[in-house]
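Fold and contact review
Residue strings, one per chain:
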Amino acid sequence: MTGILTASDVGKSYGSGDTRMAIIDGLNLSIAKGEFVSLVGPSGCGKTTLLMCLSGLLSPNLGKVGFKGQVVTAPPIGLSVVFQDYSRSLLPWKTNLDNVLFGMRRVTGMDAAQKKARALEILEAVGLPGFAGHYPWQVSGGMQQRVAIARGIASQSELLLLDEPLAAVDAQTRADMQDLLLDLAKRFDQTCVLVTHDVEEAVYMADRVLVLGPRPTRVVREIVVDLPKPRDQISTREAPAFLHARHEVMELIRSMRQGKALS
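Rules behind the numbers
- Residues numbered from 1 in each chain as written.
- Predicted model: local features only at pLDDT ≥ 70, side-chain atom pairs only at ≥ 80, totals over all residues.
- Heavy atoms only, no water.
- Helix = DSSP H or I, 4+ residues; strand = E, 2+ residues; numbered from the N terminus.
- Rg over C-alpha atoms; globule rule 2.2 N^0.38 Å.
- Buried < 20%, exposed > 50% of the residue type's maximum accessible area, 1.4 Å probe, protein only.
- Contact = heavy atoms within 4.5 Å.
- Pairing = 2+ DSSP bridges.
- Axes fitted to C-alpha atoms, helices over the stretch in contact; angles between N-to-C directions.
- Expected span 1.5 Å × (residues − 1).
- Core = buried A, V, L, I, M, F, W, Y, C linked by side-chain atoms within 4.5 Å.
- Phe/Tyr/Trp six-rings, centres within 6.5 Å; stacked < 30°, edge-to-face > 60°.
- Lys NZ or Arg CZ within 6 Å of the ring centre and 35° of its normal.

Regarding the overall build of the protein
Broken down by element type, the protein carries nine helices and ten strands. Here the C-alpha atoms of the protein give a radius of gyration of 19 Å, agreeing with the 18 Å that 2.2 N^0.38 yields for 263 residues. Projected onto the principal axes, the alpha-carbon positions of the protein cover approximately 55 × 45 × 35 Å. Considering the protein as a whole, with its 263 residues, one finds that 52% of them fall into the buried category. A sequence separation of at least 24 residues applies to 70% of the contacts in the protein between residues at least 6 apart.

The structure is reproduced here in structure tokens:
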């Protein structure tokens, strides 16, 4: 496999003997530079565990994860994670600006003034001009998530792993954030892997959707999303290609829930 991110025969389990629980088994994937890939699957199949293995925050029991051709044994430079629980991932004693600057601590080639200017630019890009001096607890949940995304972008990471980052925001904010993430990924040349339970979100944002099987999980199908970019919340969701891809993903997940054999 080639790609900026790869997984080769990855397996992950917890416990041993009679208490062993296999979460992932023989999983393979390859993500090309510049791609936006969504991961979907039945509830409890191991999507977040897989993302943690891909990030280096968890070590697989079997197989290997590769980032830019190097085996991942710990979180590598050039990779960032945006977690679902943004309220816990942000540091409440730091301002929004300082939270973003914290994400830039590994960035080289910039002095303190340049980093501050860059952080302010990115906060403006995510729609938070004027909120740099506020603390996370002083702004709304949607704004906190924007700070978390800004921190991921500011780290200048080549790869951004997104663990259901929009699950806790309202529908309108979610749509706005979907478009913002797509715009920022293009603007800052980032490769993105999104874990989501929302099939429509997965199809809307992705170049490819990887459908995971029931636990112990593996990739059971790859669905190429043949839709032009930039995407539009109305016209894209009404396009035949969108409806076809959504139907294929939903039908596959429903079949797995019902215990039907995959074809």
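Topic: the sheet that holds strand β4 (residues 62–67)
With respect to topology, four strands assemble into an open sheet ordered β2-β1-β4-β5, the strand pairing being antiparallel. In this open sheet, the two edge strands, each paired with only one partner strand, are β2 (21–31) and β5 (70–71). Strands in contact with helix α1 (residues 47–55) are β1 (5–14), β2 and β4; relative to β2, the strand with the most contacts, it is inclined by about 60 degrees.

So, the sheet that holds strand β7 (residues 159–163)
A sheet is described by the order of its strands in space; here six strands give the open sequence β6-β7-β8-β3-β9-β10, paired in mixed fashion. The sheet is open, and its two edges are formed by β6 (79–82) and β10 (219–224), each paired on a single side. Adjacent strand axes in the sheet meet at a mean angle of 20 degrees when their direction is disregarded. Where strand β3 (residues 36–40) lies against strand β8 (residues 191–195), four bridges are found, and the strand directions are parallel. Paired with Phe 36 across the bridge in β8 is Cys 192. Along the sheet, helix α5 (residues 141–154) makes contact with β6 and β7, crossing β6 at roughly 175 degrees. Strands β3, β9 (208–212) and β10 of the sheet are contacted by helix α9 (residues 240–257), whose axis makes an angle of about 170 degrees with β10.

Considerations on helix α6 (residues 171–187)
Its 17 residues give α6 an end-to-end C-alpha distance of 24 Å, which sits within 8% of 24 Å, the value for a rise of 1.5 Å per residue. Taken residue by residue, α6 has Thr 173, Arg 174, Ala 175, Met 177, Gln 178, Leu 180, Leu 181, Leu 182, Leu 184 and Ala 185 as its buried positions. A positive backbone phi angle near 55 degrees is found at Asp 189, which sits one or two residues after α6.

Section: α9
Between its terminal C-alpha atoms α9 stretches 26 Å, which fits the 26 Å expected from 18 residues at 1.5 Å a residue. Those residues of α9 lying buried are Phe 242, Ala 245, Val 249, Leu 252, Ile 253, Ser 255 and Met 256. Looking at the buried positions of α9, the neighbouring elements they touch are β3, α7 (199–205), β9, β10 and α8 (235–238). At the exit of α9 stands Gly 259, carrying a positive phi of roughly 75 degrees.

Details of the pairing of β7
Working note: regular strand, side chains alternate between the two faces of the sheet. Most of β7 sits out of view: five of its five residues are buried. Neither face of β7 is open: one carries Leu 159, Leu 161 and Asp 163, the other Leu 160 and Leu 162, and all of them are buried. Sheet topology note: the β6/β7 ladder contains four bridges and is parallel. Among the inter-strand pairings, Val 82 is bridged to a residue of β7, identified as Leu 162.

Overview of the nonpolar core
Ranked by internal contacts, the top residues of the largest apolar core, which has 55 residues, are Leu 162, Leu 184, Val 203, Val 209, Val 211 and Val 249. Take this core: its biggest share by element is seven residues, from α5. Sequence-distant contacts of Val 249, that is, excluding residues within four places in its chain, are made with Val 40, Val 199, Val 203, Val 209, Val 211 and Ile 223.

Quick notes on the packing of aromatic side chains
Any pair of aromatic rings gets described here by the distance separating the centres and the angle formed by the planes. Applying the stated rule across the entire model yields one aromatic pair. On the numbers, 5.6 Å between centres and 15 degrees between planes, the contact of Tyr 135 with Trp 137 is stacked. Take Trp 137: its relative accessible area is 58%, and that puts it in the exposed class. For Arg 105, the ring lying beneath its charged end belongs to Phe 102, and the centroid distance is 4.1 Å. The ring centre of Tyr 204 lies 4.7 Å from the NZ or CZ of Arg 237, which sits over that ring.

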